[in-house]
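Summary of structural features
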Amino acid sequence: IPDRIAELRKKVGDKPIRYGVISHHHGDHVLGVPAYAAEEAKIVTVAAHESTLRAAAGEGADPEFVLVEGSMVLGDGDRRIEIHDVGPTPHTEHLLVAYLPEQGIIFEADHIAVPQTGPLPPAISNTKALDKAMSDRGMRVSTIVGAHSPRILTIDDMKAALEKESKTRVAAQ
């Protein structure tokens, strides 16, 4: 996360980071908590994950938490970001995604298996859960940014993976 913060600052200058959204409580997703705490950013999570994230912040750190109950909106008048708890999913009970409705961009973690190159494999159960969550919430997503791959997907990429999963399931029957 410190490297990502440095890259972000190259683009936006030395603006303060006000929030660090932690998608869920798994070990590979809480690594940014100390960096956000050092920035004095508020940590956005769900109540069920607060104690895990507080421990991840490190000894002596006392970050401020903003707890999401269902969804919340962050904005400054010019920009709007929605944070949604799309859980329960097959992966975890609570899982936050960040959605930029004006741009049609969603940031997700662990919903889609995204290889660095080549075609996407058939959708996994988490992909189906994300698709349903986006539909249930009326999200008009065009771009999908994932936590584990630098590869950015389109909604058509995700729909193709869902279609592959359906065909694979039918063929197996």
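Our subject is the structure that appears above.
Residues numbered from 1 in each chain as written. Predicted model: local features only at pLDDT ≥ 70, side-chain atom pairs only at ≥ 80, totals over all residues. Heavy atoms only, no water.

**Thoughts on the overall build of the chain**
Looking only at helices and strands, the chain has 5 helices and 9 strands in total. On C-alpha atoms alone, the chain measures out to a radius of gyration of 17 Å, which is about the 16 Å that the 2.2 N^0.38 rule sets for 173 residues. When the backbone C-alpha atoms are referred to their principal axes, the chain occupies close to 55 × 30 × 30 Å. Sequence separation of at least 24 residues holds for 49% of the intrachain contacts in the chain that already meet a minimum separation of 6. With 19 positive and 25 negative side-chain charges, the chain shows a spacing of 6 Å between the two charge centroids. (Helix = DSSP H or I, 4+ residues; strand = E, 2+ residues; numbered from the N terminus. Rg over C-alpha atoms; globule rule 2.2 N^0.38 Å. Contact = heavy atoms within 4.5 Å. Lys, Arg positive; Asp, Glu negative; His and termini not counted. Charge placed at Lys NZ, Arg CZ, Asp CG, Glu CD.)

**Things to note about the pattern of salt bridges**
Across all of its chains, the model carries 8 salt bridges by this definition. Glu 7 is paired through a salt bridge with Lys 10; the nearest N and O atoms lie 2.8 Å apart. With Glu 7 and Lys 10 both in helix α1 (residues 2-12) and 3 residues apart, this pair spans about one turn of that helix. Accessibility expressed as a relative area gives 43% for Glu 7, which makes it partly exposed. Given a relative accessible area of 64%, Lys 10 falls into the exposed group. Of the charged contacts, one joins Arg 9 and Glu 39 as a salt bridge, the two residues approaching to 2.8 Å between their closest N and O atoms. Of the two residues, Arg 9 is situated in helix α1 and Glu 39 in the loop between α2 (33-38) and β2 (42-45); the sequence distance between them amounts to 30 residues. What you see here is one network of salt bridges that share partners, running through Arg 9, Asp 14 and Glu 39. (Salt bridge = Lys/Arg side-chain N within 4 Å of Asp/Glu carboxyl O. Buried < 20%, exposed > 50% of the residue type's maximum accessible area, 1.4 Å probe, protein only.)

**Concerning the environment of Val 141**
Within the element layout of this structure, Val 141 appears in the loop between α4 (125-136) and β8 (143-146). The spatial distance from the C-alpha of Val 141 to the C-alpha of Gly 104 is 4.4 Å, given a sequence separation of 37 residues. When sequence neighbours within four positions are dropped, the list of residues in contact with Val 141 reads Tyr 99, Gly 104, Ile 106, Met 134 and Ile 155.

**Side note on the pairing of strand β6 (residues 96-100)**
Counting buried positions over the 5 residues of β6 gives 4, a clear majority of the element. Looking at chain direction, strand β5 (residues 80-85) and β6 are connected through 4 bridges and run antiparallel. If you follow Asp 85 over to β6, its bridge partner there is Leu 96. Here 3 bridges tie β6 to strand β7 (residues 105-108), and the two strands are oriented antiparallel to one another. If you follow Ala 98 over to β7, its bridge partner there is Phe 107. Here β6 folds back onto β7, and the loop between the two strands holds 4 residues, one of which, Gly 104, carries a positive phi near 70 degrees. (Pairing = 2+ DSSP bridges.)

**Section: the sheet that holds β6**
The 6 strands are arranged β4-β5-β6-β7-β8-β9 in an open sheet whose pairing can be described as mixed. Every other strand in the sheet has two partners, leaving β4 (71-75) and β9 (153-154) as the edge strands with one partner each.

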